[in-house]
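# Inside the fold
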Amino acid sequence: MSEKENKNKTIIITGGASGIGQATTALLLERGYRVAIFDLEGDALQATRKQYAGNGDVFFAAVDVTNETLVGDMVADVDDNFGELTGLANCAGIAADKHVFDTSPELFRKILDINVVGTFIVGKEAARRMKGRGGSIVNIASISGLRGSKGRSAYGASKGAIVTLTQVMAVDLAEHGLRVNAVAPGPIDTPMVEAVHTQSDRDLYHRYVPMNRYGKPDEIASVIAFLLDDSQSGYVTGEIIAVDGGYRGAGLINRK
Ligand SMILES: NC(=O)c1ccc[n+]([C@@H]2O[C@H](COP(=O)([O-])OP(=O)(O)OC[C@H]3O[C@@H](n4cnc5c(N)ncnc54)[C@H](O)[C@@H]3O)[C@@H](O)[C@H]2O)c1
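Throughout this description, residue numbers start from 1 for each chain and increase along the sequence as written. Under the rules for a predicted model, residues below a pLDDT of 70 receive no local features and side-chain atom pairs below 80 are neither given nor counted, while totals for whole chains, interfaces and linings still include all residues. Side-chain metrics rest on all non-hydrogen atoms present in the structure, leaving aside hydrogens and water.

## Quick notes on the overall build of the protein chain
The line we're drawing: Think of it this way: any DSSP run of H or I at least four residues long counts as a helix, any run of E at least two long counts as a strand, and we number them from the N terminus. Two things to know: the radius of gyration comes from C-alpha atoms, and the globule rule equals 2.2 Å times the number of residues to the power 0.38. Partly exposed describes any residue whose relative accessible area lies between the buried limit of under 20% and the exposed limit of over 50%, with all areas from a 1.4 Å probe on protein chains only and scaled to the type maximum. Whether two residues are in contact is decided by their heavy atoms, any of which lying within 4.5 Å being enough. The Shrake-Rupley method, run with a 1.4 Å probe sphere, supplies the accessible areas, and residue values consider only the shown protein chains as cover. Think of it this way: Lys and Arg go in the positive column, Asp and Glu in the negative one, and His and the chain ends go nowhere. Working definition for charges: the position is that of NZ of Lys, CZ of Arg, CG of Asp or CD of Glu.
Counting secondary structure elements, the protein chain contains 10 helices and seven strands. The C-alpha atoms of the protein chain give a radius of gyration of 18 Å, which matches the 18 Å a tight globule of 256 residues would have. With the principal axes as the frame, the protein chain shows a C-alpha extent of 55 × 40 × 35 Å. Counting only residues that meet the buried cut, the protein chain has 49% of its 256 residues in that class. Partitioning the intrachain contacts of the protein chain with sequence separation of at least 6 by distance along the chain shows that 72% fall at a separation of at least 24. Carbon and sulfur atoms form 51% of the exposed surface of the protein chain, whose accessible area is close to 12100 Å². Charge-centre separation for the protein chain: the mean point of 27 positive side chains lies 5 Å from the mean point of 31 negative side chains.

Dropping the structure here:
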C-alpha cells in the first residue's frame, strides 16, 4: 500500500512508547498510517509525547492493558474520534528470568495478567470495533513460548498462551473479516532485554542463534507491518512467524 492509501488506516499499538512497539510506531507513521499509542504513564510515554508533539497522526493514551474499562473507553475514543480502527499491534509486555523455585505465584499471575489477559482484552475490544469492516491483529509471542528456555516458567507460559490465543482468535474472528497473527521474536535489543539479559544470557544467545547476533526492533516492526497490511498478508491468519535469526529452526551449530 502507498503512503497515501494508508492515510485512512488507524492502528493501535500497545507498548508503543518503547522497544518493539516504539519501532513499529515509527515505521507505520513513515508509511502514512495514523497510530494510537497505548502505554503506561511514565518516562517512555512522556518522551514519546514530546517526540511527536504537534503530529496529528499520533494519539496518546495512558492505559494499563489489564484495565478492561479503560481499554474499552480508549479503544472507542480512538475509533470514534481519531480514526476508524483498522488494526492492532499488541506489543505491551513484561518479562522475568527466574528459576522455577524463585518464581512466586504473584509474579506468575502478574506476567500472565499483563502478557496474556492484557493482549486478550485489547484484542477483544479492537475486534468488536473492527468486526464486519475488516482488520488485522498482531500479537507478540516469543521463542520462549515455542521452546523451553531456562528461567521462563512464567514468561514462557505467557507466550505459549499467546500462541494458542492467536490461533483461537483467528478462528473465531475469521467470519467477521478479521485476521489474527503473532510474531515470535528471538532476542531483540530493547530496554526489556537490557533489564533482563545478563552477559551470560547474551553469550548463550550468540551461541544458539545461527545468525550470531541479537535482532533490532526495526526487524520485528517490519514483520508486524507486513501482517497488518491486507495487501501484503491478506490470506495469512492464525500464523506464528518466528523472527529469530534462525534460533527455532536450528540443529547443530558450528560455533567456535
Ligand atoms: N525484546 C525481546 O527480546 C523480545 C523477545 C520476544 C518477545 N518480546 C515481546 O515483545 C513485546 C515488546 O517488548 P520490548 O522488548 O519492546 O519491551 P519494552 O520493555 O521495551 O516495551 C514494552 C512496553 O510495554 C509497556 N507495558 C508494560 N506493561 C504494560 C501494561 N500493563 N499496560 C500498557 N503498557 C505496558 C511498557 O511500558 C513498555 O513501553 C513484549 O510482549 C515482549 O515480551 C520481546
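There is more to say after this.
## A look at unusual backbone geometry
With a phi angle near 60 degrees, Asn212 is a residue other than glycine that sits in the positive phi range. You can see Asn212 is positioned in the loop between helix H8 (199-208) and helix H9 (217-228).

## Side note on the packing of aromatic side chains
For clarity, the cut-off: Stacked, edge-to-face and tilted are the three classes for Phe, Tyr and Trp ring pairs, Trp counted by its six-membered ring, which pair at centre distances within 6.5 Å; planes under 30 degrees apart are stacked, over 60 edge-to-face, the rest tilted. Criterion for a charge above a ring: Lys NZ or Arg CZ within 6 Å of the ring centre, and within 35 degrees of the ring normal.
The tally for this structure, following the rule as stated, stands at three aromatic pairs. Ring centres of Tyr205 and Tyr214 lie 5.9 Å apart, and the angle between their planes is 85 degrees; on these two criteria the pair is classed as edge-to-face. Exposure class is identical for Tyr205 and Tyr214. Each is buried. Look at Tyr205 and Tyr247: their rings are 6.3 Å apart centre to centre, the planes differ by 55 degrees, and that puts the pair in the tilted class. Of this pair, Tyr205 sits in helix H8 while Tyr247 is found in the segment after strand E7 (240-243), placing the two residues 42 residues apart along the sequence. Both residues of the pair, Tyr205 and Tyr247, belong to the buried class. Ring pairing ties together the aromatic residues Tyr205, Tyr214 and Tyr247, which thus form one cluster. It is Arg34 that lies over the ring of Phe82; its NZ or CZ is 4.2 Å from the centre. A cation over an aromatic ring shows up here: Arg202 above the ring of Tyr214, its NZ or CZ 4.0 Å from the ring centre.

## Details of the environment of Met74
Note that Met74 resides in helix H4 (residues 68-82). Residues Met74 and Gly156, spaced 82 residues apart in sequence, show a C-alpha to C-alpha distance of 29 Å. Residues in contact with Met74, not counting those within four places in the same chain, are Phe38, Phe59, Ala61 and Val63.

## A short note on the pattern of salt bridges
The cut-off we apply is this: Just to be clear on terms, a salt bridge is a Lys or Arg side-chain nitrogen sitting within 4 Å of an Asp or Glu carboxyl oxygen.
Applying the stated criterion across every chain, the model contains 14 salt bridges. Arg34 is the partner of Asp57 in a salt bridge, and the nearest nitrogen-oxygen pair spans 3.1 Å. Remark: Arg34 occurs in strand E2 (residues 34-39) and Asp57 occurs in the loop between helix H3 (43-51) and strand E3 (58-62); sequence separation between them is 23 residues. Considered together, Asp57 and Arg34 belong to a single accessibility category, that of buried residues. One salt bridge in this structure joins Arg128 and Glu125, with 3.2 Å as the shortest N-O distance. Linking Arg128 with Glu125, this pair stays in helix H5 (residues 105-130), spanning three residues, or about one helical turn. You can call Arg128 exposed: its relative accessible area is 53%. For Glu125, a relative accessible area of 15% corresponds to the buried category. Here the salt bridges do not stand alone but share partners, grouping Asp79, Asp80, Glu84, Arg129 and Arg133 into one network.

## Overview of the site of the ligand
The condition is simple: A single heavy atom is enough: if one lies within 4 Å of a molecule or strand, its residue is considered near that molecule or strand. The term polar contact refers here to a pair of N or O atoms within 3.5 Å; inside protein, the definition further demands a hydrogen-donor-capable atom paired with an acceptor-capable atom, and it admits residues adjacent in sequence only when both atoms are side-chain atoms.
Taken together, 27 residues form the shell around the ligand, and within it Ser18, Ile20, Asp39, Tyr155 and Thr190 come nearest. Contact between the ligand and Val65: a nitrogen atom at 3.0 Å from a main-chain N or O atom of the residue. Within the side chain of Thr190, an N or O atom sits 2.5 Å from an oxygen atom of the ligand. Out of a free accessible area of 830 Å², the ligand has 92% covered by protein chains. Those elements giving two or more residues to the shell around the ligand turn out to be helix H2 (19-30), helix H6 (153-174) and helix H7 (191-196). Counting residues per element, the shell around the ligand draws most heavily on H7, at three residues.

## What about the pairing of E2?
Operational definition: For two strands to pair, DSSP has to find at least two bridges joining them. Here is how to tell: hold the view so the strands point away, follow the path from the first strand over the helix to the second, and if it runs clockwise the crossover is right-handed.
The buried count for E2 comes to six of six residues, which makes it a mostly enclosed element. With burial as the criterion, each face of E2 is covered, one bearing Arg34, Ala36 and Phe38 and the other bearing Val35, Ile37 and Asp39. Across five bridges, the pairing between strand E1 (residues 10-14) and E2 is parallel. For Ile12, the partnering residue across the bridge sits in E2 and is Ala36. Note that the unit made of E1, H2 and E2 has a crossover that is right-handed. Where E2 lies against E3, five bridges are found, and the strand directions are parallel. The residue of E3 that forms the bridge with Asp39 is Ala62. For the crossover from E2 across H3 to E3, the handedness is right-handed.

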